[in-house]
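Below are the chains, spelled out letter by letter.
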Amino acid sequence: MTNPQEIATKAEFLAHAFALEQESVDRYEELADAMDTHNNLEVAGLFRKMAEFGRKHAVEVERLAAGSDLPTLEPWDFKWADDEGPETGDYADIDYMMTPVQALQFALANEKRSRDFYGLVASHSPNQTVRELAGEFTQEEAEHVTLLERWIARHDSDTTIADDLDPPNIVD
Amino acid sequence: MALIGSGGAGVVTVGNLLLEAAAVDGSYGLMRRSAGPQIRGGESAALLRFADTPVEYAGDYYQLLIAFDWRHAERFIDEIRLAASSCVLHDPAGGDVPEPIVHTGARLIPIEMQTQAREIECGRANMIALGLVSSITGLKLETISSTVSRSLSAKGENVIAGACACLERGANMGQSLGIELPLPIAHVGTEDRWTITGNQACGLGALKGGVRFVAGYPITPASEMLEWLAPRLAKMGGCLIQAEDELASVNMILGASYGGVPAMTVTSGPGLALMTEGIGLAVASETPIVVIDVMRGGPSTGIPTKSEQTDLNIALYGMHGEAPHVVVAPVSIPDSVFTTQWAVHLAESLQTAVIVLSDQQLAQSRMVVNRPPDIGFVTRRVTAQAGVENYRRYALRADGVSAMAIPGTIGVNYTADGLEHDERGTPSTGSHDHLRQLNKRATKLTGFDYGDHWADIEGDGTIAVVTWGSCTGAVKEAIRRVGEQGVPVRLIALRLLAPLCKQQLNQALEGVERVLVVEQTFSRQFYHYLRSQVDLPKFTESLARPGPLPLAASEISAMLLVDGA
Amino acid sequence: MNPLSDKIEPKDYKSDVKPVWCPGCGDFGVLNAITKALASLRLAPEQVALISGIGCSSRVPAYTNVYGFHGIHGRALALGAGLKAARPDLHIVVAGGDGDGFSIGGNHFLHACRRNMDMTYIVMDNEVYGMTKGQASPTTAPDWTESELTPSGTHARPFQPAAIALAAGATFIARAFSGKPNTLAQMVVLAMQHPGFAFIQVLSPCPTFRPEQKEWKNIVRPFAVDALPTSDPALAALHCQRDDGMSTGVIYVEARPVWKRSDMQEIAIDDIEQEFRI
């Protein structure tokens, strides 16, 4: 773990790329559902949109992987820069009343981590094909970063969470 | 006859041997036990009655009392009623005869049992007493000797020889007393007769019903049933766990039953109180369980060693929220087999909690019975088949019983829940789901056909006694006696206490003008329960007394013979 | 056939029921770790039962598609023990919170450790009662004064889950952080593969009542000792007691005979009836 530079085959690289997108999709969907449940529909919509992007990228990776036998990696066997996938974010950055711009910042952090992950592979993999492919992916993630930064700039930069007028509920 | 003594006098041993030997000789009998609170050395009594038909009632009074000593006799002397015609054989070494005994006018015969026993190697006073009983009752000495030899076989030849010598000595001493109380003998073969306690009978019924998992926490007077079940369950491929407390017991059986294995726990009042939340979960999650409560004196720790019927209310109403469940009670020791087996059948068929109310008197008494008949229930839990489309665990159906998926079954995975839920089992706070599921859980019980098992009904007449549980024996005896005096009385002994079969009860009471409700409680729980559920005749009386004093047939018959009008 | 889409995925173990957990709740991470572990173990969903009590974290069974039982407060371990005893073939995971497991269910925790049945117990510890609106739990610091119920704190020493599990006889003891689902998934796999009672205390932040726990991600770290995991209870105790409760990793693993039911089939009911004959 924590050694992206050791990714040495195309199949291993694509397995990482696919898992990265798949985990991204799953996490955004989970967050979107949670925001739906807690009546933050605007942020739910944003997360849903992010999940949609992830899904498209996953299809692209699948297309690249067609015909090759990808290794099955256990969650703890991936060579991410950290223990967790780059686009799963951090639960600690989530709040039920978070603003859209905070949601975009959450997504931005994810994209930056992806870009950096691919960057490490691109510059350090012992395999030329992997380095080239990773370079393309780095480029793509960098574009996402730029895009998100642009969105964030366009958005109202308010990152203060409004006062919660409803106290927490007693359930069971 | 009654045998009392303390501190290792061995009265319970004598009682058991006597019952067994009498059974071999063709007599029916019943032995009750009454004990003090001590673990060792405390006062105890073996209370026996013999007859030529099965004995379900201990008798109004004792014709023969054998007292090894009188220590702490005041604690249970009022449970041992004597008549002026009774004989009291007492060992002078055991002290003076207490005043209340003298007052009965019974014939007092001092007889040296301890001194005599000391003269014999390995001699024991209780074996002298057994010899005395042999000569007084005509019970064959050979039968007693072989019963004694069998039970002492592990103790060595000297002990057996000493015991047999004592038996003979006692028998010789008895001949000079001039007391004759011949043992009633039933003139048919004994091959289909058993000796069994109520605790064993409940255990057997559970096994016959298919129970293969039991969890329990030791408690008087129910522990013996757990102890009886543990090795037998293991040998039958089942399992018993001694849990850390009753909260664990009831939840363990819920887990086992959720896994598809019929499961049961056994406890007494204090344990039942701890289990009520878990029983509510069984009702809400529709997980079949059987809970046996061997009732004892309450409230709180109460009188653990003695009998009472006072857990009726908690069994009926103990659960929070509205948690319809089934409450049944055996009406006799042999009926404990059937009623417990039926309880398992009902729990499995209805996917609910069934509470069986036994009590100390039934549970710890040993009785010579005709082998209870085999009843074959087609006990089958309605389960979900693999891969059913759109499986809904709590689907609404006409009979209220929905298919339960057993873990391991493919494609019908679900989460059982104590939260109110929709048909799928998903938690729901909506009024519509709550109403539907409440209705489902209620109708599956009220719509079920309980057949004739809901009560034992005997006799005719315009007077009826409505009773339940261990009181039934005394009531039957009372009805027999007043019948002999030309007053026919109907017996309605409820086996199914909840849900109450109101229509059937009303039918059973047709033509009845006067009802006597008999129970062993202080606050008339059964009487009030019946009153709240059905329109009883205007002349409905209550005969209720708390434990530990058992109800006497004479009191019941006296009430029946009073002109109620 | 597409090599990527016929794999067993963690989401194959999720149901379509949406969690009631607050966004940002650590329990999401635990749910993900459990489903990842089940996928790694390639267990058929119908061979797994997830048992819980009451509390936020105890809602977890309904969010999976394995067999589940959402029981009553504090009794999940007993429910799981009964199921395991009756159905040794099933894989049992019991899950819940710190209040459920260490307060109302504390007795069952001790005895489950002693009994050493083959099951995994995951406690999502956020040092607070979330579902009842933020009261102190057994693991809450004594000087925490945010609850109206204990305005001057509990003045009670926090429950030490790992040390108590060790003393009570658990044969697999670990601590993890919900913010690291992949690491936790591996721990759940090890726990489920461990023959006997495996206990994982998961530090799982409550963003609503303990927002300061968002800092946990910067505080938790793996145990900085090579000695762990150990099979020496004295050594395990030493490290449990020296630690501030924020170090993660497998602490203790012991090979001890697992609770086992007899599987005799020696007698039938008729044989039992014989003993009553005169």
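Sequence order as written defines residue numbering, which begins from 1 separately in each chain. Chains carry letters from A onward and ligands carry numbers from 1 onward, assigned in written order. Owing to the predicted nature of the model, reporting of local features is limited to residues with pLDDT of at least 70; listing and counting of side-chain atom pairs is limited to 80 or more, with chain, interface and lining totals taken over all residues. The side-chain figures draw on all heavy atoms in the structure; neither hydrogens nor water molecules are used.

Chemist: Could you give an account of the overall build of chain A, naming the residues involved and the relevant values?
Modeler: The way it works is that DSSP assigns letters per residue, a run of H or I at least four long becomes a helix, a run of E at least two long becomes a strand, and they are numbered from the N terminus. Scanning chain A from N- to C-terminus turns up four helices and zero strands. When its helices and strands are written in sequence order, chain A yields α-α-α-α. Dimensions along the principal axes, computed over C-alpha positions, put chain A at roughly 55 × 40 × 25 Å. Taking the contacts inside chain A whose residues are at least 6 apart along the sequence as the reference set, 81% of them involve residues at least 24 apart. Per-residue and other accessible areas were derived by the Shrake-Rupley procedure at a 1.4 Å probe size, with only the shown protein chains allowed to occlude residues. Within the structure as shown, chain A displays about 8100 Å² of accessible surface, and the carbon and sulfur contribution to it stands at 50%. Computing the positive centroid from 14 side-chain charges and the negative centroid from 37, chain A places the two 8 Å apart. In what follows, residue pairs with any heavy atoms lying within 4.5 Å of each other are defined as contacts. We count Lys and Arg on the positive side and Asp and Glu on the negative side, and we leave His and both chain ends out. Think of each charge as sitting on NZ of Lys, CZ of Arg, CG of Asp or CD of Glu.

Chemist: Report on the interface of chain B and chain C, specifying residues and quantitative values.
Modeler: Between chain B and chain C, the contact holds 62 residues from the first and 47 residues from the second. Put simply, buried area is how much 1.4 Å-probe accessible surface two parts lose in total, over both of them, once they are put together. Summed over both partners, the interface of chain B with chain C comes to about 4500 Å²; 61% of that surface belongs to carbon and sulfur atoms. When the buried surface of chain B facing chain C is broken down by residue, B:Lys235, B:Glu244 and B:Asn413 rank first, second and third, together holding 14% of it. Each salt bridge in this description consists of a side-chain nitrogen of Lys or Arg and a carboxyl oxygen of Asp or Glu lying within 4 Å of one another. Residue B:Arg371 is joined to C:Glu273 by a salt bridge in which the shortest nitrogen-to-oxygen separation is 2.4 Å. Mapped onto the side of chain B that touches chain C, the elements with two or more residues apiece are α1 (11-24), β7 (193-197), α7 (198-209), α8 (223-235), β9 (239-242), α9 (246-258), α10 (269-285) and β15 (415-417) of chain B. The dominant element in the side of chain B that touches chain C, judged by the number of residues it contributes, is α9(B), at eight residues. The class makeup of the residues in the side of chain B that touches chain C is 31 nonpolar, 18 polar and 13 charged. Whether two strands pair comes down to DSSP finding at least two bridges between them. As defined by bridge partners, β15(B) adjoins strand β2 (residues 67-70) of chain C across three bridges and the pair is classed as parallel. Note that in β2(C) the partner of B:Thr415 across the bridge is C:Gly68. Amino acid classes used here: Ala, Val, Leu, Ile, Met, Phe, Trp, Tyr, Cys and Pro are nonpolar; Asp, Glu, Lys and Arg are charged; the rest, including Gly, are polar.

Chemist: Just give me the short version of empty space enclosed by the protein, but keep the residues and values in it.
Modeler: Residues and elements named next belong to chain B. A cavity here means a set of points on a 1 Å grid, drawn over the protein atoms and nothing else, where a 1.4 Å probe fits but cannot get out; a pocket is an open set with protein on both sides within 12 Å along at least five of seven lines, and a residue lines either one if it has an atom within 4 Å of a point. Grid points are joined across faces, edges and corners, and a volume is the space filled by probe spheres set on the points. Summed over the entire model, instances satisfying the criterion amount to seven cavities of 30 Å³ or more. Approximately 130 Å³ is the volume found for the largest cavity. Lining the largest cavity are 16 residues, with Tyr57, Gln361, Pro550, Leu551 and Ala552 positioned closest to its centre. Counting contributing residues per domain, the lining of the largest cavity is built from domain 1 (2-175) and domain 4 (453-561), each supplying no fewer than three. All domain edges in this entry derive from an automatic or database-based domain assignment.

Chemist: Which residues make up the side chain of C:Lys84, and what values go with them?
Modeler: Residues and elements named next belong to chain C. Following the sequence through the fold, Lys84 ends up in helix α2 (residues 76-86). No salt bridge is formed by the buried Lys84, whose closest oppositely charged neighbour, Asp118, lies at an N-O distance of 4.4 Å. When residues no more than four places from it in sequence are discounted, the contact partners of Lys84 are Leu90, Ile92, Met117, Asp118 and Met119. With a 1.4 Å probe rolled over the protein chains alone, any residue whose accessible area is under 20% of its type maximum counts as buried; one over 50% counts as exposed, and the rest are partly exposed.

Chemist: Report on the sheet that holds strand β20 (residues 514-519) of chain B, specifying residues and quantitative values.
Modeler: Residues and elements named next belong to chain B. Overall, mixed pairing links the five strands, which are arranged β16-β18-β17-β20-β21 in an open sheet. Of all the strands in the sheet, just β16 (455-458) and β21 (539-544) have a single pairing partner and so form its edges. The average angle at which neighbouring strand axes cross in this sheet is 15°, direction not considered. In this structure, strand β17 (residues 463-468) lies alongside strand β18 (residues 489-494), joined through six bridges in parallel fashion. For every element, the axis is a line fit to its C-alpha atoms; helices are fit only across the contacting stretch, and the angle between N-to-C directions ranges from 0 to 180 degrees.

Chemist: Lay out the packing of aromatic side chains in plain terms, naming residues and giving numbers.
Modeler: Aromatic contacts are taken between Phe, Tyr and Trp rings whose centres are within 6.5 Å, Trp giving its six-membered ring; a plane angle under 30 degrees counts as stacked, one over 60 as edge-to-face, and the others as tilted. Counted under the stated rule, the structure contains 33 aromatic pairs over all chains. Ring plane angle 35° and centroid distance 5.8 Å describe the contact between A:Tyr28 and A:Phe47, whose orientation is recorded as tilted. One end of the pair, A:Tyr28, is in helix α1 (residues 10-37); the other, A:Phe47, is in helix α2 (residues 41-65), with 19 residues separating them in the sequence. The burial state of A:Tyr28 is the same as that of A:Phe47; both residues are buried. Relative to B:Trp342, the ring of B:Phe338 lies with its centre 6.1 Å away and its plane at 20°, an arrangement referred to as stacked. Separated by four residues within a single helix, B:Phe338 and B:Trp342 lie in helix α12 (residues 333-350), roughly one turn from each other. These aromatic residues form a ring-pair network of at least three members: A:Phe13, A:Phe78, A:Trp80, A:Phe117, A:Tyr118 and A:Phe137.

Chemist: Outline the packing of helix α5 (residues 161-168) of chain C against helix α8 (residues 233-242) of chain C, supporting the account with residue identities and numerical values.
Modeler: All names here are of chain C. The N-to-C vectors of α5 and α8 enclose an angle of 160°; their axes lie 9 Å apart at closest approach. Classified by the angle between their axes, α5 and α8 sit roughly antiparallel to one another. The way α5 lies across α8 gives a crossing that is left-handed. Residues Ala162, Ala163 and Leu166 of α5 form the contact with α8, whose participating residues are Pro233, Ala236, Ala237, Cys240 and Gln241. Class assignment of the residues belonging to the contact of α5 with α8 gives a composition of seven nonpolar, one polar and no charged. Should an angle fall under 35 degrees it is taken as roughly parallel, and over 145 as roughly antiparallel, whereas 65 to 115 is taken as roughly perpendicular and any remaining angle as oblique. Here a crossing is called left-handed whenever its near helix is offset anticlockwise from the far helix by less than a right angle, and right-handed whenever the offset is clockwise.

Chemist: Outline the environment of C:Arg221, listing residues and values.
Modeler: Residues and elements named next belong to chain C. Structurally, Arg221 is set in strand β7 (residues 221-222). Judged by relative accessible area, which is 31%, Arg221 ranks as partly exposed. Spatially, the C-alpha atom of Arg221 lies 8.7 Å from that of Gly249, the residues being 28 residues apart in sequence. Leaving out residues up to four positions away in the same chain, Arg221 has contacts with Asp243, Asp244, Met246, Ser247 and Thr248. Pairing of N or O atoms within 3.5 Å defines a polar contact, subject to two protein rules: one partner must be a possible hydrogen donor and the other a possible acceptor, and residues neighboring in sequence count only if both atoms are side-chain atoms. A distance of 3.2 Å separates the side chain of Arg221 from the side chain of Ser247, its partner in a polar contact.

Chemist: Residue-level account of the nonpolar core, with values.
Modeler: Ranked by size, the top nonpolar core spans 220 residues in total, and within it B:Trp70, B:Ile80, B:Leu89, B:Phe213, B:Ile279, B:Leu357 and B:Leu494 carry the most contacts. Among the elements that make up this core, the one with the highest residue count is α12(B) (nine residues). Among residues more than four places away in sequence, those in contact with B:Ile80 are B:Ala2, B:Ile4, B:Ala45, B:Leu47, B:Tyr62 and B:Leu65. We call a set of buried Ala, Val, Leu, Ile, Met, Phe, Trp, Tyr and Cys residues a nonpolar core when their side-chain atoms join them within 4.5 Å. Counting 40 residues, the second-largest nonpolar core is a separate cluster that includes C:Leu43, C:Val48, C:Val188 and C:Met192.

Chemist: Pulling in residues and values, what's your account of unusual backbone geometry?
Modeler: With an omega dihedral of 0°, the bond running from B:Gly547 to B:Pro548 counts as a cis peptide bond. Inspection of the secondary structure assignment puts B:Pro548 in the loop between β21 and α18 (553-561). The residue after C:Leu228, namely C:Pro229, is reached through a cis peptide bond having omega -5°. Its identity is not glycine, yet C:His155 carries a phi of approximately 55°, on the positive side. For C:His155, a relative accessible area of 63% corresponds to the exposed category.

Chemist: Before we move on, could you go through the pairing of β2(C) and cite the residues and values that matter?
Modeler: Residue and element names in this part refer to chain C. Residues Tyr67 and Phe69 of β2 are buried on one face, and the alternating residues Gly68 and His70, pointing to the opposite face, are buried as well. Sheet topology note: the strand β1 (residues 48-52)/β2 ladder contains four bridges and is parallel. From the neighbouring strand, Ala49 faces β2, where its bridge partner is Tyr67.

Chemist: Residues and numbers for the pattern of salt bridges, please.
Modeler: Where charged atoms from two side chains of opposite charge approach closely, those side chains can pair. Going through the model one piece at a time under the given rule, you end up with 57 salt bridges over all chains. Among the ionic pairs, A:Arg48 bridges to A:Glu29, the shortest N-O distance being 2.9 Å. In this pair, A:Arg48 is assigned in helix α2 and A:Glu29 in helix α1, connecting sequence segments 19 residues apart. The shortest N-O distance in the salt bridge between B:Asp335 and B:Arg495 comes to 3.0 Å. Here B:Asp335 is found in helix α12, whereas its partner B:Arg495 is found in the loop between β18 and β19 (496-498), with 160 residues between them in sequence. Pair check on accessibility: B:Asp335 and B:Arg495 agree, each one buried.

Chemist: How would you explain the sheet that holds β7(C) if you had to name every residue and give the values?
Modeler: The strand order across the open sheet formed by nine strands is β15(B)-β2(C)-β1(C)-β3(C)-β4(C)-β6(C)-β5(C)-β8(C)-β7(C), and the pairing between neighbours is mixed. The outermost strands of the open sheet, each flanked by one partner alone, are β15 of chain B together with β7 of chain C. Where β1(C) meets strand β3 (residues 91-97) of chain C, five bridges bridge the pair, whose relative direction is parallel. Looking across to β3(C), one finds that C:Ser52 is bridged to C:Ala95.

Chemist: Outline the packing of α1(A) against helix α3 (residues 100-124) of chain A, supporting the account with residue identities and numerical values.
Modeler: Residues and elements named next belong to chain A. Between α1 and α3, the least distance of the axes is 12 Å, while the angle of their chain directions is 175°. Accordingly, the angle class assigned to the pair α1 and α3 is roughly antiparallel. Contacts between α1 and α3 pair Phe13, His16, Ala17, Leu20, Tyr28 and Leu31 from the former with Phe106, Ala107, Asn110, Ser114, Phe117, Tyr118 and Val121 from the latter. For the contact of α1 with α3, the per-class residue count stands at ten nonpolar, three polar and no charged.

Chemist: An account of the side chain of C:Thr150 is requested, with residue identities and associated values reported.
Modeler: All names here are of chain C. Here Thr150 shows up in the loop between β4 (119-125) and α5. Residue Thr150 is classed as buried on the basis of its relative accessible area, which comes to 19%. Discounting residues that sit within four places of it in the chain, Thr150 has contacts with Ala136, Trp144 and Thr145.

Chemist: Please give an account of the environment of A:Lys10 that cites residues and values.
Modeler: Residues and elements named next belong to chain A. Among the structural elements, Lys10 can be located in helix α1. Spatially, the C-alpha atom of Lys10 lies 9.5 Å from that of Gln128, the residues being 118 residues apart in sequence. Not counting the four nearest positions on each side in its chain, Lys10 is found in contact with Leu64, Val130 and Leu133.

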